[in-house]
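Residue strings, one per chain:
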Amino acid sequence: EKVADGYAPLTGDFGDFYIRWVYHRIHDCFNRPICSSPGAWIDVVGRERLGTSNWILKNTGGVRRCLNLGSYNYLGFAAQDEYCTVKAIETLERFGASTCSGCFDAGKTTVHEELENLVAEYLGKEDAIVYGMGFATNSSTLPALVGKGCLVISDSLNHSSIVVGVRGSGARVKVFKHNNPEHLEKVIRESIAEGQPRTHRPWKKILIVIEGVYSMEGEIARLPEIVAIKNAYKAYLYLDEAHSIGAMGQTGRGICEYTGVPFADVDILMGTFTKSFGSCGGYIAGSKDLITHLRHTSPCHTYATSMSPAAVQQVTSSLKVIMGRDGSRRGAEKLRNLRENSNWFRQELLKLGCQVLGDEDSPVIPIMVYNPGRMAEFSRECLKRHVAIVVVGFPACSLILERARFCISASHTRKDLEYAIDVIREVGTIMRIFWGKPTPDLL
Ligand code: PMP
């Protein structure tokens, strides 16, 4: 049975060879140390090869100020915010850096409780639970929701944390073609018919797992069609909004708001605080019963130290700004800036002749470079010109579909983005990455 990721496993001859190749040839493009907050501009520490070695790098001590197109700081809350940073510092002084305790023990502070209530209110759900890490939110919630005798139907390009969660759950896992409701319906129909009379459901539960905005593709989920299928087949829907909460929709409430789907139609709303809220951690929002069940059965809630109070406060404060509770219009302005910046940047890349993936309004904007060597060179040449970007290779995407990914922020000015486009034009001309329109069947 194929499991929930579309790509080959990283072990075995090919995986080992590829990892060695990455370490020898292109690893300078990853793990670059940064010595500033992840704002619109960042300080990247210079590195050079040690002696004749191709693969040991040492920091030179020098620092390069670069335009940051790599962080998920969509609303610009992550760096020195006039409201959120002050509140986070106050909380750090009062509560310390860590609770040194799990939520069940002495790890739940009033700050945690306030955030859980605020998230539930923001999303119109009965209750919410917060976790110290976005990855762990998926990987420890999914096994608490499904197990032996259940069926999970997962999008083929779901994030690794979802893959880990469903693999560890003991449920049967099937994959449907990326963001393809027609194929999802085919998989569901076949699974219900499997070895049983059509009227007899062979599964205890069927859970469909999707993302709101896909992090390597910048694509927006076809939520209305997927919700219609889940309702027709009486399945449950789990929606990971890591890249859409606080970034999509008129008031930042994510893909439900963006696509006009009622929040009640998504049973389990998951999201992270590491993007639009400029913090760390994750949440699940849903019915009272669901959240109570998770409080007792989800190991990363019961057995892990709770989220750092200052990080919690950072989320609460940024959420208050988004909701206009700080008495300003900053939240709405940030959301508008993010949308305008993202759409302007996408259009300029298309004008250059880049093969741009994803949908309008998405702040994640990948362009295809196709070849791992070219991908590395593209990253290095942009960095030389003071633009820091993220390049994405196997296993985060398939080997021949390697890409550069730009993450746009409300804190980028138009001048910043024009500068980035000039650099991409110059480097892209050298690297010959202006391929024109994507070939639909290749992607
Ligand atoms: N879900 C998705 C879709 C993600 O892209 C990520 C990471 N970017 C996560 C979950 C994990 O979140 P975190 O980085 O906050 O641990």
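The protein carries the name serine C-palmitoyltransferase in an unreviewed UniProt entry, which gives Chara braunii as its organism. Turning to the protein, the UniProt annotation filed under Catalytic activity (unreviewed entry) states: "L-serine + hexadecanoyl-CoA + H(+) = 3-oxosphinganine + CO2 + CoA". For the record of the protein, the UniProt heading Cofactor (unreviewed entry) holds the text "pyridoxal 5'-phosphate".

J.: So what's going on with the site of the ligand? Residues and values would help.
T.: Taken together, 14 residues are adjacent to the ligand, and G134, F135, A242, T272 and T274 come closest. Among the elements that line the shell around the ligand, the one with the most residues is helix α4 (residues 134-145), at 3 residues. Of the residues contributing to the shell around the ligand, the split by class is 3 nonpolar, 9 polar and 2 charged.

J.: How would you summarise helix α3 (residues 110-122) if you had to cite specific residues and measurements?
T.: Given a rise of 1.5 Å per residue, 13 residues ought to cover 18 Å, and the 18 Å separating the end C-alpha atoms of α3 matches this to within 8%. Within α3, the full set of buried residues consists of V111, H112, L115, V119, A120 and Y122. Seen from one end, α3 has its buried residues packed into an arc of 165°, which puts them on one side. Exposed and oriented more than 90 degrees from the buried face of α3 are T110 and E113. A positive backbone phi angle near 65° is found at G124, which sits one or two residues after α3.

J.: Can you tell me about the sheet that holds strand β11 (residues 387-388), naming the residues and giving the values?
T.: Pairing within the open sheet is mixed, and its 3 strands lie in the order β1-β2-β11. Either end of the sheet is taken by a strand with one partner, and the two such strands are β1 (41-49) and β11. Relative to strand β2 (residues 57-68), β1 runs antiparallel, the two sharing 8 bridges. The residue of β2 that forms the bridge with I42 is C66.

J.: Lay out the packing of α3 against helix α11 (residues 309-322) with the relevant residues and their values.
T.: Running from amino to carboxyl end, α3 crosses α11 at an angle of 35°, the nearest separation of the two axes being 9 Å. Classified by chirality, the crossing of α11 by α3 is left-handed. Of the residues in α11, those in contact with V111, H112, E114, L115, L118 and Y122 of α3 are P309, V312, Q313, V315, T316 and L319. Among the residues making up the contact of α3 with α11, the classes are represented as 8 nonpolar, 3 polar and 1 charged.

J.: Describe the nonpolar core, naming the residues involved and giving the relevant values.
T.: Inside soluble globular proteins, nonpolar side chains tend to come together where they are buried. I208 and V387 are the most contacted members of the largest nonpolar core, which has 119 residues in total. A total of 7 residues in this core trace back to one element, the largest contributor, which is α11. Here this core spans two domains, and each of domain 1 (12-78 + 329-431) and domain 2 (84-322) adds at least three residues to it. Ignoring anything within four residues of it in the chain, the contact list for V387 reads C66, L67, L69, C382, A420 and V423.

J.: With reference to specific residues and values, describe the domain arrangement of the protein.
T.: The domain boundaries assigned to the protein delineate domain 1 (12-78 + 329-431) and domain 2 (84-322). Of note, the centres of domain 1 and domain 2, computed from C-alpha atoms alone, are 27 Å apart. The interface of domain 1 with domain 2 comprises 23 residues on the first partner and 21 residues on the second. Elements with a minimum of two residues in the side of domain 1 that touches domain 2: α12 (330-352) and β10 (364-370). Tallying contributions element by element places α12 first for the side of domain 1 that touches domain 2, with 4 residues.

J.: Run through the pairing of strand β4 (residues 151-155), naming residues and quoting values.
T.: Among the 5 residues that make up β4, 5 are buried, leaving the element largely enclosed by the rest of the structure. Because side chains alternate across β4, one face comprises the buried residues L151, I153 and D155, and the other comprises V152 and S154, equally buried. Where β4 and strand β5 (residues 172-176) come together, 5 bridges link them in parallel fashion. The residue bridging V152 from the neighbouring strand is V173, located in β5. Handedness of the β-α-β unit built from β4, helix α5 (residues 160-167) and β5 comes out right-handed. Sheet analysis places β4 next to strand β6 (residues 206-211), joined by 4 bridges and oriented parallel. Residue pairing in the sheet places S154 in a bridge with V209 of β6.

J.: Tell me about α4, and name the residues and values.
T.: Between its first and last C-alpha, α4 extends 17 Å over 12 residues, near the 16 Å set by a 1.5 Å rise per residue. Counting buried positions over the 12 residues of α4 gives 11, a clear majority of the element.

J.: Hey, could you go over the pairing of strand β13 (residues 402-407) for me, with residue numbers and the actual values?
T.: Most of β13 is tucked away, with 6 of its 6 residues classed as buried. In terms of strand pairing, β10 meets β13 through 6 bridges, oriented antiparallel. Across the sheet, residue I365 finds its bridge partner in β13, namely F406. For strand β12 (residues 390-392) and β13, the ladder comprises 3 bridges, and the chain directions are antiparallel. Within the sheet, the bridge partner assigned to V392 lies in β13 and is R403.

Reading the values: rules and limits
Per-chain numbering applies: the sequence of each chain, read as written, is numbered from 1 onward. A pLDDT threshold of at least 70 governs which residues receive local features in this predicted model, and a stricter bar of 80 or more applies before side-chain atom pairs are shown or counted, although totals over entire chains, interfaces and linings include all residues. UniProt positions are given in the numbering used here, feature names are shortened, and annotations may be inferred rather than shown by experiment. Only the C-beta atom matters for this test: placed from the backbone, it must lie within 6 Å of a molecule or strand for the residue to be near it. The numbering of helices and of strands both runs from the N terminus, where a helix is a DSSP run of H or I of at least 4 residues and a strand a run of E of at least 2. For this classification, Asp, Glu, Lys and Arg are treated as charged, while Ala, Val, Leu, Ile, Met, Phe, Trp, Tyr, Cys and Pro are nonpolar and the rest, including Gly, are polar. One less than the residue count of a helix, multiplied by 1.5 Å, gives the span that helix is expected to have. Field definition: a residue is buried when 20 or more other C-beta atoms are found within 10 Å of its C-beta, exposed when 12 or fewer are, and partly exposed for counts in between, with C-beta atoms placed from the backbone. This arc corresponds to the set of directions leading from the helix axis out to the C-beta atoms. The rule for pairing is simple: two strands pair if DSSP sees at least two bridges between them. In this analysis, axes come from line fits to C-alpha atoms, helices being fitted only over the stretch in contact, and the angle between any two N-to-C directions falls in the range 0 to 180 degrees. By convention, the crossing between two helices is left-handed when the near helix turns anticlockwise from the far helix through less than a right angle, and right-handed when the turn is clockwise. Note on contacts: each residue gets a C-beta atom placed from the backbone, and two residues are in contact if those atoms are within 7 Å. Think of a nonpolar core as buried Ala, Val, Leu, Ile, Met, Phe, Trp, Tyr and Cys residues chained together by C-beta atoms that fall within 7 Å. Throughout the structure description, domain borders are defined by an automatic or database domain assignment. Whether a crossover is right-handed depends on one test, that the path from the first strand over the helix to the second runs clockwise when the strands point away from the viewer.

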